[in-house]
Amino acid sequence: MLNKHRFALLIALATVSLPLAAQAQRKSPLADAPAIRKRFELRSTRFEAGVGAGSTLNQDYFHTITINVRLAFHITDWLAIAGFGDFGVAQVSTGFQSRLTGSLDPAGGGNVLREPTPDQAKASLQQISSILGGQLEFVPFTGKFSMFGKLFASYDFYAFGGPAVVNVKTAGDPGRKCDQAAPASDQGNPNPSRYYCEVSGPKFGPTFGAGFHTYFGQGVGLNVELRDTMAQLNPAGRDTNGDGLANNDDLQWTHTWMVGGNLVIFLPFTAKVSP
Amino acid sequence: MKRLAISLSVCLALVASAATGHAKRGGGKAAAPAAEENAGGEGGAAAEGGAGKEGAPASESLDTTESEPGMVEDEITGPKAQRPTTTLSWQDIVVVPRKAFLKGGRAEFAPLAGITVNDNLIRHYVFGLDFNYFLTDALWVGLQGQYYVKQLTTQAELVGLQFNRTSTMNRYLYGGTFNMGYVPVYGKFAWVNRSIIHWEIWAAVGVGATFTEVIARDPAEQNKAFKNTALTVAPGIGTRIFLTDWLTFNFAIRDYILADKFEPIMDYPDAATSKANAESALVNNFMIYAGIGMYLPTKFTYKTPR
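The sections below set out a description of the structure shown in this document. (Residues numbered from 1 in each chain as written. Chains lettered and ligands numbered in written order. Predicted model: local features only at pLDDT ≥ 70, side-chain atom pairs only at ≥ 80, totals over all residues.)

### Things to note about the pairing of strand β6 (residues 151-170) of chain A
Residue and element names in this part refer to chain A.
Step number 1: Inspection of the sheet shows strand β5 (residues 126-147) paired to β6 by 17 bridges, in the antiparallel sense. Bridged to Gln126 within β6 is Thr170.
Step number 2: Summarising the sheet, β6 and strand β7 (residues 201-216) pair through 14 bridges and their orientation is antiparallel. Paired with Val166 across the two strands is Lys203, which belongs to β7. (Pairing = 2+ DSSP bridges. Helix = DSSP H or I, 4+ residues; strand = E, 2+ residues; numbered from the N terminus.)

### Description of the pairing of β5(A)
Step number 1: Strand direction decides the pairing type here: strand β4 (residues 79-93) of chain A and β5(A), joined by nine bridges, are antiparallel. Note that in β5(A) the partner of Gly83(A) across the bridge is Gly134(A).
Step number 2: Connecting the antiparallel pair β5(A) and β6(A) is a turn made up of three residues, with Phe148(A) showing a positive phi of about 55°.
Step number 3: Note: β5(A) against strand β4 (residues 169-191) of chain B, seven bridges, orientation antiparallel. Each bridged residue has a counterpart across the sheet, and for Lys144(A) the counterpart in β4(B) is Lys188(B).

### With respect to helix α5 (residues 154-163) of chain B
Step number 1: Taken together, the buried positions of α5(B) are occupied by Val159(B), Gln162(B) and Phe163(B). Each buried residue of α5(B) lies within a common arc of 90° when the element is viewed along its axis, so the set occupies one face.
Step number 2: The elements touched by buried residues of α5(B) are α2 (95-103) and α3 (118-123) of chain A.
Step number 3: One or two residues past the end of α5(B) sits Asn164(B), with phi positive at roughly 60°. (Buried ≥ 20, exposed ≤ 12 C-beta atoms within 10 Å, placed from the backbone. Arc of directions from axis to C-beta. Contact = placed C-beta atoms within 7 Å.)

Below you can see the structure in the form of structure tokens.
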């Protein structure tokens, strides 16, 4: 009788403890849920194409105004592969360049051989013809904003990085490329060509930066990027290492900052909606 | 035998009780799609509430009653029929979550660090403090103090080597502005679709003074250098990212426009004469800076119903 009693109690305990254990294991249905459901996946598996304009920032001698082209494929909503081309259409002298060349003597520097005339100084100044590159884009931030509580738009922020090539030219004709030997120059036989040379052609380096899209509906958006492209350049085309002559040894890793905006369209024109 | 019958009765009663509990929890699962259906667009609000700060209580108590799905539906479509009401937290899942951070009537202390960005020859690192008082959630007045540390750029060194020229430069010492600001843009973003973070963009303008000092072109004549007090106007835009109830991450870009005086071309015997003959110029000193904002009081209460 006692055994039967114990057996019944055991059954009771087991039966009760099973659902309690199950309850303890239950998680809220919202636990681990995505932060946003039914969201427009404005990027996922969509092509993006855009055109726009931009400008270099913080250049020493010339600001380059560019026309930009951008193509991208968004592999997921947070990862994309893209290509871009920024083509220089105007070169604007900086205030620093104007003041510097304006201070130089058109007759030359007298016994200071390295001092150029204004024309010699301008001849070797570097300008950017174009910047081309490819990049991977990571989109960690997406959201919506309101402006004055009236206008609402979706947006995303992304970071990118990849390889690029900067095509450069000189503002004038220095008469000697930097890979050519520098002529001798001394007080008895001065030769200004020793002190400046032509840096031109493609220069390779990394490009990286950040950007954002803000969307007008699902298929059209505004894209803005802040980009830094590094390459071995010599903006003045003159001696930088103090060896008394200008040549390829004077190339230095240089940052070229750019800001640009593109009007972009996304294809397909309508976005998918997440679960 | 009688004892066995009692034991079995207790056993059955307990099992029945547990089974009833299971049946009730089923309602919570059925309700989830009802909430989801109303979360359209990139910022689907119902789900945001569920995963965000305001949704936390709801997720803990979703399995408390079978009448909850109906309540969610009622909030969306209006009451269709009289249903039993309870004090259940499905109400915590809201269509439009409230702002995550209120600033009206609070003070912000914001240490900052930054760098000037638009001078080819000299850059300044800046360390400072913002003290702001928010009249409303979107409007504030405040004071900012800056202390500068200078650094000559590579270009400043090369200009002598390449062009046989020395540069005319001033260094900034410290400054202060009285600011008024306004918040025109408020937004939120999802961090890899896992959490919702609120932010805002502000615009401000300040008026004050910047104290500068001439860097003599000839280092041997630094004793002839003079100091200026330059009237400064400082428009700028920035953003605040709300981290907790009392803490923000701040980022801004600001143009400190000052009427500065520079070393004259001619050589004068002393600093006073040199200053009297100084060349004036309007300088745009663009600076980017970042910092944190700490708010007092550290808590806030919502004044409007959800």
